[in-house]
Amino acid sequence: MIRAVVTGTGSALPARRVSNAELAETVDTTDEWIVERTGIRFRHLAGPDETTATLGRDAAIAAIAAAGIAADQIDLIVLATATPDQTFPATATKVQAMLGIDDCVAFDVAAVCSGFLYAVQVADAMIRTGIHQRALVIGAETFSRILDWEDRTTCVLFGDGAGAIVLEAQESDEADGRGILATRLHADGRHNGLLYVDGGPSTTGTVGKLRMKGREVFRHAVTNLASVMGESLALAGLEADTVDWLVPHQANARILDATARKLNLSPDKVIVTVDQHANTSAASVPLALDVGVRDGRVKQGDIVVLEAMGGGFTWGAAVIRF
């Protein structure tokens, strides 16, 4: 059977790295307050010449190099973002041009923090049709551009960055072959008012700022993430104790801990990077995955579960054998 196999990962962060102490110079907060409630110690903020597209390009270049292919061998680009460079065209097409690819399918997916999981399932489905051979899946964000820097309950939580993977169509053994084994996605628009941006082209004609009711989001996140991980493992015919690595959305250390406990997963099996780059929305899962691959923790043959929840609410998980 044809499966989408991960052949390369990459990530990119803006040059400017901001500590909690530095942030406290302009925001009414402290390092202790942020660390205790979120586990975050640093975030990266895009400079004037850095955009979602440039960060996505840099992550893509790293992933393509890791896959050992040329950029023009990519025939599909799916880019997940809630902070596109422009209302249109798709940021994916800007990345395509930056990579020197003259023609391929390229489009954006908007599912906020779950966007990368949505993009993975879309690319996986398109590869399984046999039409596409190699896909570049990117999560890229410049959330600093939509933050209210006077709202200390939200502005301390987010950062900018990008992560990417290359998926390649390969014949794979159904029982124990490599590739994406299962994905499961959800959305429930009734919770729009708990995490949203208060602007948009067809409503206010402005970009708007991020608004969040943190306590309610936390409660839904722990329940939904544990549930969707169980669903995706069941689809793959696996049990939780077969998981080698959980790569969760890097939103809040408390959410990561609570989700792992709910699933009886050892903290040693959870890849955590939220302390170093905060919540980068659609970029956080591929960023963390790339860290795990490059430091040698994630190895070929490992069972890896990716999961995320974001505004909408949207949430999802993917089970991959590397």
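Residues numbered from 1 in each chain as written. Predicted model: local features only at pLDDT ≥ 70, side-chain atom pairs only at ≥ 80, totals over all residues. Heavy atoms only, no water.

**Here's the deal with the environment of Gly 199**
Tracing the backbone shows Gly 199 in the loop between strand E9 (195-197) and strand E10 (210-212). Through-space distance from the C-alpha of Gly 199 to that of Ala 63 is 33 Å; in sequence the pair is 136 residues apart. Residues within four places of Gly 199 in sequence aside, it is in contact with Thr 204, Thr 206, Val 207 and Gly 208. (Helix = DSSP H or I, 4+ residues; strand = E, 2+ residues; numbered from the N terminus. Contact = heavy atoms within 4.5 Å.)

**Considering the environment of Thr 52**
With respect to the helices and strands, the residue Thr 52 is situated in helix H3 (residues 52-67). Expressed as a C-alpha distance, the spacing of Thr 52 and Asp 160, which sit 108 residues apart in the sequence, is 8.3 Å. Residue contacts for Thr 52: discarding those within four places in its chain leaves Thr 81, Thr 83, Asp 85, Thr 91, Ala 140, Glu 141 and Thr 142.

**Description of the environment of Val 298**
Along the chain, Val 298 falls in the loop between helix H10 (284-294) and strand E12 (303-310). Look at Val 298 and you get buried, because its relative accessible area is 8%. Residues Val 298 and Met 212, 86 residues apart in the sequence, show an inter-C-alpha distance of 33 Å. Once residues within four sequence positions are removed from consideration, Val 298 is found in contact with Trp 245, Ile 271, Gly 292, Val 293, Val 304 and Phe 322. (Buried < 20%, exposed > 50% of the residue type's maximum accessible area, 1.4 Å probe, protein only.)

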